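# A look at the structure
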Amino acid sequence: MLTEKNILPGATKIQIGCETKHFRYCIDKFQPYFNQLTLSNIEKSQVFYSKKDTLIKANNLSASGSKNKLEPKEKATIDKIFKHLQ
């Protein structure tokens, strides 16, 4: 799905089962590996939903960024998972 060239908006539903801050942190970790993985493209895809079933928008992801904010509670766990992927 993440490598799909032509995602039809709303064609499927991916429900994120974590806090938006954790999802954003994962996106930041994935960005070096995907050319078109941007917050606006995630919103345009209209397939990502929060655990409360709300469509995820770029401004929500932007507000969940880690700049000048506390790191996500699960940062160490997420980092460990990404380390195993490399």
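Residues numbered from 1 in each chain as written. Predicted model: local features only at pLDDT ≥ 70, side-chain atom pairs only at ≥ 80, totals over all residues. Heavy atoms only, no water.

### Side note on the nonpolar core
What counts, and what does not: Among buried residues, the Ala, Val, Leu, Ile, Met, Phe, Trp, Tyr and Cys ones that are joined through side-chain atoms within 4.5 Å form a nonpolar core. A simple rule labels every residue: compare its accessible area, found with a 1.4 Å probe on the protein chains alone, to the largest value its type can have, and call it buried under 20%, exposed over 50%, or partly exposed in between. In this text, helices come from DSSP runs of H or I with a minimum length of four residues, and strands from runs of E with a minimum of two, each type numbered from the N-terminal end.
Within the largest apolar cluster, eleven residues are counted, these being Ile16, Phe23, Ile27, Leu37, Leu39, Ile42, Val47, Phe48, Ile56, Ala58 and Leu61. Taken together, the elements giving at least two residues each to this core come down to α1 (20–30), α2 (39–45) and α3 (58–63).

### Digging into unusual backbone geometry
Look at Gln46: it is not a glycine, yet its phi comes out positive at around 50 degrees. Along the chain, the position of Gln46 falls in the loop between α2 and β2 (48–49). The backbone of Asp53 sits at a positive phi, close to 70 degrees, despite the residue not being glycine. Topologically, Asp53 is positioned in the loop between β2 and α3.

### Section: the packing of aromatic side chains
Here is the rule we go by: Geometry of aromatic contacts follows a simple scheme: Phe, Tyr and Trp rings, the Trp one being its six-membered ring, pair when their centres are within 6.5 Å, and the pair is stacked under 30 degrees between planes, edge-to-face over 60, tilted otherwise.
Taken as a whole, this structure holds three aromatic pairs when the rule is applied. Plain terms: the ring middles of Phe30 and Phe34 are 5.8 Å apart, the flat faces sit at 70 degrees to each other, and that makes the pair edge-to-face. The class of Phe30 is partly exposed, set by a relative accessible area of 27%. Residue class for Phe34 comes out partly exposed when judged on its relative accessible area of 24%. Their ring planes at 65 degrees and their centres at 4.8 Å tell us that Phe30 and Phe82 sit as a pair that is edge-to-face.

### A short note on the environment of Lys29
The line we're drawing: Should any heavy atoms of two residues lie within 4.5 Å, those residues are counted as being in contact.
Position of Lys29 relative to the elements: it lies in helix α1. Take Lys29: its relative accessible area is 29%, and that puts it in the partly exposed class. Along the backbone, Lys29 and Ile78 are 49 residues apart, and their C-alpha atoms lie at a distance of 9.2 Å. Other than its neighbours up to four places away in sequence, Lys29 contacts Asp79 and Phe82.

### Describing the side chain of Ser50
Here Ser50 is to be found in the loop between β2 and α3. Overall, the relative accessible area of 15% leaves Ser50 in the buried class. Among residues more than four places away in sequence, those in contact with Ser50 are Gln15, Ile16 and Ile56.

### Quick notes on the environment of Thr38
Rules: For the purposes of these results, a polar contact is taken to be a pair of N or O atoms within 3.5 Å, where, inside protein, one atom must be able to donate a hydrogen and its partner to accept one; residues adjacent in sequence count only when each atom of the pair is a side-chain atom.
Examined against the element boundaries, Thr38 turns out to sit in the loop between α1 and α2. Residues Thr38 and Ile27 lie eleven residues apart in sequence; the distance between their C-alpha atoms is 8.2 Å. At 3.0 Å, the side chain of Thr38 forms a polar contact with the backbone nitrogen of Asn41.

### Remarks on the environment of Gly65
Examined against the element boundaries, Gly65 turns out to sit in the loop between α3 and α4 (75–85). For Gly65 and Phe23, which are 42 residues apart along the polypeptide, the C-alpha to C-alpha distance reads 9.7 Å.

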